[in-house]
Amino acid sequence: MNGQTRPGILLMLRRLLLSLLLLAGLFAAVLAYGLLVYNKPPVDPDWALAGGEPVPDGAVTVRFSGTATLLFSDGETHWMTDGWFSRPGVPRLLLGKIAPDVAAIRRALEANGVSQLDAVLPLHSHYDHAMDAPEVARATGALLLGSESTANIGRGWGLPEEQLRVLVDRQPVRLGKFVITPIESRHFEFPDPEMRRRALGEPLIDAPLVPPVSVFDYRLGKAYVLHVTHPKGSWLIVGSAGYVEGALQGLSADVVFLGVGGLGSQTPAYRETFWRETVASVAPSRIIPIHFDGLTAPLSGPFRGEAKAVGWASGGLEETLAFLQGKAVAYPQLSFHTLPRFARVVLFR
Ligand SMILES: [Zn+2]
C-alpha cells in the first residue's frame, strides 16, 4: 500500500472520470463543428446572378443545382450534366456504403422544373457526378450518355440497354439543336498521393455496379470536357479541374463553365496551366465557376463551401477564391458569374 486512504482514491477516480468526460465532450464538439459547419464557398458574392428573368422564345437557358449539375434547355430539348442530388454525409462516405437517394432525386427534378429529359451526361464516373444519373434517366426517360464505366453504373441500376450510349472521344452527339462534343481530358490531380491512388488509380468500372457500395467503388471512368454548340451560342463545360495540354486547341466558346473543385489545394503553377489549357484556350467572354460547393452540404438554401473538416484535410479554399478574383482583375473584359440554385437563367437570348 502507498498509504493513500480510500476516500483519496475515490476522489482521484472521480477527477479522472470527469477529465475523460470533458475530453469526450470536447472531441464531440470539434467533430460536430467539423462535419456540420461549412466554409463560405470560394466565389465572390458580387458575381451572383439572381435568375428567374422572363425567357424569350428559343432562348437557351441553364439551371444549376450545385457541383457540376447543369440543366440546359432551348424550350424543345432538355439535357443535363451529372444529375447528382443525393449528397450523402461524411460519416456514411467514410464508414458506410452509399446509394442514390430516390426521394432527393425526385424533389430536385421538381425544383428544376423538369419531368422529361433527352439526355443526362455524367462528366466522369465518381459518385458526385454519376451516382444518380441512372435514376434521373429512369425517371425522365433520358438517354444516359457517358463512358463504359458510366454505362456500368446504369446497368447496375437496371437501366435498359436502349437507354445507354457510350461516348466516343471527340465524336459529336446531336440532341435537337445542341451539338455536344465530348473531349477526353484528365481529372483534377489530388496533391495527396494516397487520395490520388484511391480516387484515380484503376479508373474503370468494368462490371455493372449495384449500390449500395463504397464511395471508392465509383471509379473515375473517363473525365470529359464538353464542347457544346447551339445556333444561339457555344460553351465549354469543365467538370473537374484537370487538363490535357493542347487538347482544346482550335476550339472557341462564348462561355466556360469552370469546375474549380480542389483547385486551391494545388500549386500556383498547376492553377496557371489549368487556366491556360481551359479558359485561355477557348477565349470566352464569360466564366461561370461550378463545383465550388461542399459535397456534403444540403441541396437547398444558399450555396455552402466544404465542411470545415474537409477544409482542414484538403486546405486551399482561400487560394481558389484569390485565384479567381485575380483572374477577374487581370481580364476585365471577361465577366464572372455564379448561378443561383435551381432558378432559370438565360444563357443566350
Ligand atoms: Zn471526381
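These numbers were taken from a predicted model, which means no experiment stands behind them.

Enquirer: Can you lay out the nonpolar core for me, pointing to particular residues and giving the numbers?
Expert: Residues Phe 72, Trp 79, Trp 235, Ile 237, Phe 257 and Leu 347 are the most contacted members of the largest nonpolar core, which totals 61 residues. Here the element with the most residues in this core is strand E9 (residues 223-230); it accounts for five residues. Leaving out residues up to four positions away in the same chain, Ile 237 has contacts with Leu 70, Phe 72, Trp 79, Thr 81, Leu 123, Tyr 224, Val 225, Leu 226, Val 228, Phe 257 and Ile 290. Counting 19 residues, the second-largest nonpolar core is a separate cluster that includes Val 114, Val 136, Ala 142 and Leu 164.

Enquirer: Residue-level account of the environment of Ala 330, with values.
Expert: Checked against the element boundaries, Ala 330 lands in helix H11 (residues 317-330). For the pair formed by Ala 330 and Asp 169, sequence separation is 161 residues and the distance between their alpha carbons is 33 Å.

Enquirer: Any chance you could break down the coordination of the zinc ion for me, citing the residues and the numbers?
Expert: Every protein donor of the zinc ion is listed here as His 124 (NE2), His 126 (ND1) and His 187 (NE2), and their distances to the metal cover 2.1 to 2.2 Å. Taken in chain order, the donor set of the zinc ion reads H-x1-H-x60-H. Highlighted residues: His 126 in the loop between strand E4 (119-121) and helix H4 (127-130) and His 187 in the loop between strand E8 (178-185) and helix H7 (193-200), separated in sequence by 61 residues. Here the two residues His 126 and His 187 agree in accessibility, since each one is buried.

Enquirer: Before we move on, can you summarise the side chain of Ser 86 with the specific residues and values?
Expert: If you trace the backbone, Ser 86 turns up in the loop between strand E3 (78-81) and helix H2 (90-95). There is a polar contact of 2.7 Å between the side chain of Ser 86 and the backbone nitrogen of Asp 101. Excluding residues within four positions of it along the chain, Ser 86 makes contact with Ala 99, Pro 100, Asp 101, Ile 105, Met 131 and Asp 132.

Enquirer: I'd like a rundown of the domain arrangement of the protein, residues and numbers included.
Expert: How big an interface is tends to be stated in terms of accessible area lost as the parts join. According to the domain assignment, the protein contains domain 1 (1-36) and domain 2 (40-348). Between the C-alpha centres of domain 1 and domain 2 there is a distance of 47 Å. Tallying the contact residues gives four residues for domain 1 and six residues for domain 2. Taken over both partners, the interface formed by domain 1 and domain 2 buries close to 430 Å², and the fraction arising from carbon and sulfur atoms is 77%. Three residues stand out in domain 1 for area buried against domain 2, namely Tyr 33, Gly 34 and Leu 35, and they jointly supply 92% of the buried area on that side. Counting the contacts that link domain 1 with domain 2 gives zero salt bridges. The interface formed by domain 1 and domain 2 contains two residue pairs in polar contact (both at pLDDT 80 or more). Looking at side-chain class alone, the side of domain 1 that touches domain 2 contains three nonpolar, one polar and no charged residues.

Enquirer: Describe in detail the sheet that holds strand E1 (residues 60-66), supporting the description with residues and values.
Expert: Strand order in the open sheet made by the seven strands is E6-E5-E4-E3-E2-E1-E14, with mixed pairing throughout. Two strands in the sheet have a free side with no partner beyond their single neighbour: strand E6 (164-166) and strand E14 (345-348). In this sheet, neighbouring strand axes are inclined to one another by 25 degrees on average, regardless of whether the strands run parallel or antiparallel. Two strands pair when backbone bridges link them, and E1 and E14 are joined in this way by three bridges, in the antiparallel orientation. Bridge pairing in E14 links Val 62 to Val 345.

Enquirer: I'd like to hear about a nonpolar patch on the surface, residue by residue, with values.
Expert: On the surface, a cluster of nonpolar side chains totalling about 590 Å² of accessible area is made up of Ile 9, Leu 10, Leu 13, Leu 16, Leu 20 and Leu 23. In this structure, Leu 20 sits in helix H1 (residues 6-36).

Enquirer: Tell me about H1, and please be specific about residues and values.
Expert: With 31 residues, H1 ought to run about 45 Å at 1.5 Å a step, and its terminal C-alpha atoms sit 44 Å apart, in line with that. In terms of burial, H1 is largely open, as just two of its 31 residues are buried.

Enquirer: Go over helix H5 (residues 133-140) with me, naming the residues and quoting the values.
Expert: The element H5 is extensively covered by neighbouring structure, given that six of its eight residues are classed as buried. Directly beyond the C-terminal end of H5, a positive phi value near 75 degrees is found at Gly 141.

Enquirer: Tell me about the pairing of E1, residues and numbers included.
Expert: The buried count for E1 comes to seven of seven residues, which makes it a mostly enclosed element. Following E1, the chain reverses through two residues before pairing antiparallel with strand E2 (residues 69-73); Thr 67 in that reversal takes a positive phi of roughly 40 degrees.

Conventions used here
Residues numbered from 1 in each chain as written. Predicted model: local features only at pLDDT ≥ 70, side-chain atom pairs only at ≥ 80, totals over all residues. Heavy atoms only, no water. Core = buried A, V, L, I, M, F, W, Y, C linked by side-chain atoms within 4.5 Å. Buried < 20%, exposed > 50% of the residue type's maximum accessible area, 1.4 Å probe, protein only. Helix = DSSP H or I, 4+ residues; strand = E, 2+ residues; numbered from the N terminus. Contact = heavy atoms within 4.5 Å. Donors = N, O, S within 2.8 Å, 3.2 Å for Na, K, Ca; no water. Polar contact = N/O pair within 3.5 Å; in protein donor to acceptor, adjacent residues only side chain to side chain. Domains from an automatic or database assignment. Buried area = accessible area lost by both parts, 1.4 Å probe. Salt bridge = Lys/Arg side-chain N within 4 Å of Asp/Glu carboxyl O. Nonpolar A, V, L, I, M, F, W, Y, C, P; charged D, E, K, R; others polar. Pairing = 2+ DSSP bridges. Axes fitted to C-alpha atoms, helices over the stretch in contact; angles between N-to-C directions. Patch = residues over 30% accessible without salt bridge, like charges linked within 9 Å, V, L, I, M, F, W, Y side chains within 5 Å. Areas by Shrake-Rupley, 256 points an atom, 1.4 Å probe, with all protein chains shown as cover. Expected span 1.5 Å × (residues − 1).

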